[in-house]
Amino acid sequence: MERRLAAIVCADVAGYSRMMGADEAGTHAAFKAHRSAIYPIILNHGGRLVKNTGDGFLVEFPSIVEAIESAIAMQALMAERNDHLPADRVMQFRMGVHMGDVIADEDEVFGDGVNVAVRLEAIAVPGGVAVSAKAYHEASKHLSATLVDAGSHRLKNIEEPIQVWTWEPGGSDTSCGESRNTSNLPAQYRTAIVGVLPFSNLSDSTDEYFSDGLTEDLIHALSLQSFYRVLSRNSTFSFKGKSISARLIAREIDATYLIQGSVRRAGTKIRVTAELIAPENGEQLWAGRYDRDIGDLFAMQDEITTSLSAALAPEIYRAEASAPARCSFTDLTAWDRFLRGLSHYYKHTKADFEASIDLCREAIALDPALAIARAYLATIMVQGVQYGWIKSTSPLWTEAMALAETSVRLDPRSSFAFAILSYVHAMEGNYEAAMEAAKRAVKLNPYDMGARGVLGIAHLVIGEHRQAIELFSTAVQRGNSDPRYKWAALNAFSHYLVGQYDASLSWAREALYLNPNHLQVLAVRAAALAQLGRAEEAAKAAQVLLGNFPGLTVERHLRNFRWKSPDDIAHYRDGLLKAGVPFTKLTLVESASMRTA
């Protein structure tokens with residue numbers, strides 16, 4: 001066990017038991033959705049989620065300023081999200097913040113520092129933050145929001161009275177930036193055919209136009225993907241209002257997947273639910289719900305369409321990758337071999353990456369015009385280098401660039417093809433070409449969160465890190481299930497380069513959950529710890545890095561970083577050297593006297 005000083009934020013939902021009694025499933029789903037939305041704020045402020053409780057969570061921060069700013073930013077975002085909800089679905093957190101001694105035992109923390117934060121949360125107003133005087137006076141000069149002295153309070157099981165400062169939404173002017181701030185593939189390859197059924201209007205008939213419009217927008221958004229075919233409006237609207245099973249509809253229109261949903265309006269609020277199903281076996285592959293304030297009707301409809309498209313597209317990719325082959329391996333078409341490769345890619349191990357590369361090469365050999373196989377092969381090769389699973393060589397980068405360029409030529413309407421082209425250009429230091437390709441990807445498909453995130457990469461390599469962080473955070477919130485994009489790792493680098501080392505460590509920790517041996521993340525973690533002056537931890541992190549990659553040196557590692565700003569390179573080099581990563585490989589020359597000794 002270890003004793004240390006820490007900043008603690010404790011949160012719970014006001015009235016959670018009442019809400020669960022009224023709608024258990026809906027309340028639980030809404031709570032999970034809110035928690036996912038605010039999680040990037042915790043990481044951006046360097047926080048570590050200690051544990052989730054049934055109706056809340058406990059977070060540890062190394063800085064009390066970041067703890068308070070994070071709590072306020074989370075509450076500001078929750079206020080915005082609640083604006084879109086009916087009164088009976090509004091969910092408000094109460095948050096308590098304290099700084100004190102804690103006892104760390106493995107991943108848990110205990111002690112008075114935690115107890116006081118828990119008691120402060122209990123007296124916070126719904127939607128507000130209660131901060132101990134000790135924490136407030138330590139941080140007050142650095143806060144961007146105004147807190148109010150709420151007097152002295154006696155807290156349950158706390159011996160001495162606690163002076164409390166509070167923040168409430170709308171009570172101060174805060175500037176928390178995080179909360180404000182169709183394809184050429186031949187038809188025979190399209191094993192996935194998606195049908196979007198007309199969304200059911202559960203309100204007055206005058207709202208029929210909205211449910212129909214939302215369905216049409218979603219058909220358009222999904223059709224901009226280059227992975228599957230989307231059936232036209234005429235194919236699916238003929239089933240509107242008819243009571244026919246999904247299985248029979250799918251057989252009638254030859255659909256592999258169906259998307260269905262409903263729209264319900266109550267005053268100025270609107271609720272949209274949607275689900276992705278595999279009609280042959282009735283399996284629900286994904287489900288989501290969106291509650292919004294009508295406000296600007298078109299803007300709201302576009303926002304829901306974007307969210308639906310960003311959530312649905314990766315789930316269709318994932319379902320297709322895990323689908324059983326439709327013929328024996330010796331008879332597999334180019335498309336089937338590509339899907340086999342994709343199934344290995346989703347497993348994300350070194351051996352599976354190697355198998356995925358081989359299968360993508362086989363698919364391209366069978367059909368050189370299969371653009372998406374080229375785009376994925378380039379992605380897998382570059383990721384393999386960044387993980388440390390594939391050796392970075394000049395021929396590899398030349399091949400990755402050729403694959404990306406050919407993919408764009410073969411499928412000039414694919415946002416993914418332009419995104420991977422931008423990605424390779426960014427890694428090669430072709431800054432203008434990277435930015436141009438990324439903007440083209442976003443223009444081709446404004447609903448593609450991966451394209452927006454790759455635009456963030458283009459900003460990162462030229463040194464515009466604030467823009468990069470904003471784009472990466474948006475991509476995390478809306479497109480976090482797609483393995484092609486590693487937003488946590490990219491956020492770790494962006495935060496490091498602006499000197500936010502605690503946030504960099506939080507994002508690095510997040511990335512290492514998915515891949516504990518990610519070379520670049522292990523390296524930036526060691527550098528961030530060194531810059532924080534945590535020399536012993538930095539040295540251990542460097543040992544882990546070198547234990548996984550024994551031949552690594554700073555000189556060799558930095559060859560894969562072609563950032564535009566020399567200061568960014570120097571900043572990263574400095575952290576690695578401080579952590580104890582050797583600059584260059586030393587060669588021992590044995591003298592004659594040593595040989596004869």
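Residues numbered from 1 in each chain as written. Predicted model: local features only at pLDDT ≥ 70, side-chain atom pairs only at ≥ 80, totals over all residues. Heavy atoms only, no water.

Caption draft 1: Focus on a positive patch on the surface. A contiguous patch of positive charge on the surface is contributed by Lys391, Arg556, Arg559 and Lys585. By the secondary structure assignment, Lys391 is in the loop between helix H12 (371–387) and helix H13 (394–410). (Patch = residues over 30% accessible without salt bridge, like charges linked within 9 Å, V, L, I, M, F, W, Y side chains within 5 Å. Areas by Shrake-Rupley, 256 points an atom, 1.4 Å probe, with all protein chains shown as cover. Salt bridge = Lys/Arg side-chain N within 4 Å of Asp/Glu carboxyl O. Lys, Arg positive; Asp, Glu negative; His and termini not counted. Charge placed at Lys NZ, Arg CZ, Asp CG, Glu CD. Helix = DSSP H or I, 4+ residues; strand = E, 2+ residues; numbered from the N terminus.)

Caption draft 2: How the structure looks around the pattern of salt bridges. All chains considered together, the criterion is met by 15 salt bridges. Between Glu60 and Arg4 there is a salt bridge, and its shortest N-O distance comes to 2.8 Å. Taken together, the residues span a long stretch of sequence, with Glu60 in strand S3 (residues 56–61) and Arg4 in strand S1 (residues 2–13) at a distance of 56 residues. Put simply, Glu537 and Arg534 hold a salt bridge, and the shortest N to O gap is 2.9 Å. One connected set of salt bridges, linked through shared partners, spans Arg4, Arg48 and Glu60.

Caption draft 3: View of the nonpolar core. Tyr228, Phe338 and Tyr572 are the most contacted members of the largest nonpolar core, which totals 133 residues. No other element matches H12, which puts eleven residues into this core. (Core = buried A, V, L, I, M, F, W, Y, C linked by side-chain atoms within 4.5 Å. Buried < 20%, exposed > 50% of the residue type's maximum accessible area, 1.4 Å probe, protein only.)

Caption draft 4: Expanded view of the packing of aromatic side chains. Across all of its chains, the model carries 22 aromatic pairs by this definition. Where Phe493 meets Trp563, the ring centres are 6.0 Å apart and the plane angle is 70°; that geometry is what we call edge-to-face. Highlighted residues: Phe493 in helix H18 (residues 487–497) and Trp563 in the loop between helix H22 (554–557) and helix H23 (566–579), separated in sequence by 70 residues. This pair shows no difference in class: Phe493 is buried, exactly as Trp563 is. Ring geometry for Phe561 versus Trp563: centroids 5.0 Å apart, planes at 70°, classification edge-to-face. The rings of Trp335, Phe338, Tyr345, Tyr346, Phe353, Tyr376, Tyr387, Trp389 and Phe416 are connected pair by pair, giving a single aromatic cluster. (Phe/Tyr/Trp six-rings, centres within 6.5 Å; stacked < 30°, edge-to-face > 60°.)

Caption draft 5: Region of interest: helix H16 (residues 449–461). Over its 13 residues, H16 runs 19 Å from end to end, which matches the ideal 18 Å to within 8%, given 1.5 Å per residue. Of all 13 residues that make up H16, twelve are buried, and the element is covered over most of its length. Those residues of H16 that fall on the buried side of the exposure criterion are Met449, Gly450, Ala451, Gly453, Val454, Leu455, Gly456, Ile457, Ala458, His459, Leu460 and Val461. The backbone nitrogen of Gly450 lies 2.9 Å from a side-chain oxygen of the residue at the head of H16, namely Asp448. At the exit of H16 stands Gly463, carrying a positive phi of roughly 95°. (Expected span 1.5 Å × (residues − 1). Polar contact = N/O pair within 3.5 Å; in protein donor to acceptor, adjacent residues only side chain to side chain.)

Caption draft 6: Here's a closer look at the side chain of Thr27. Tracing the chain through its elements places Thr27 in helix H2 (residues 24–44). Not counting the four nearest positions on each side in its chain, Thr27 is found in contact with Tyr16, Met19, Met20, Arg89 and Met91. (Contact = heavy atoms within 4.5 Å.)

Caption draft 7: Geometry of the layout of surface pockets. Reported here for the second largest pocket is a volume of approximately 880 Å³. What lines the second largest pocket is a set of 24 residues, among which Arg4, Arg48, Arg509, Arg534 and Glu537 lie closest to the centre. Here the lining of the second largest pocket takes seven residues from helix H19 (residues 501–514), the largest share from any one element. Looking at the lining of the second largest pocket residue by residue, the classes come out as eleven nonpolar, two polar and eleven charged. (1 Å grid on protein atoms, 1.4 Å probe; cavity = no way out; pocket = protein on both sides within 12 Å on 5 of 7 lines; lining within 4 Å. Points joined across faces, edges and corners; volume = space filled by probe spheres on them. Nonpolar A, V, L, I, M, F, W, Y, C, P; charged D, E, K, R; others polar.)

Caption draft 8: Highlighting the packing of helix H10 (residues 334–345) against H12. It is the contact of H10 with H12, at a shortest axis distance of 11 Å, that shows an interaxial angle of 25°. Classified by the angle between their axes, H10 and H12 sit roughly parallel to one another. Viewed along their axes, H10 and H12 form a crossing whose handedness is left-handed. Mapping the contact onto sequence places Trp335, Phe338, Leu342 and Tyr345 in H10 and Ile372, Ala373, Tyr376, Thr379, Ile380 and Gln383 in H12. (Axes fitted to C-alpha atoms, helices over the stretch in contact; angles between N-to-C directions. Parallel < 35°, antiparallel > 145°, perpendicular 65-115°, else oblique. Left-handed = near helix turned anticlockwise from the far one by under 90°.)

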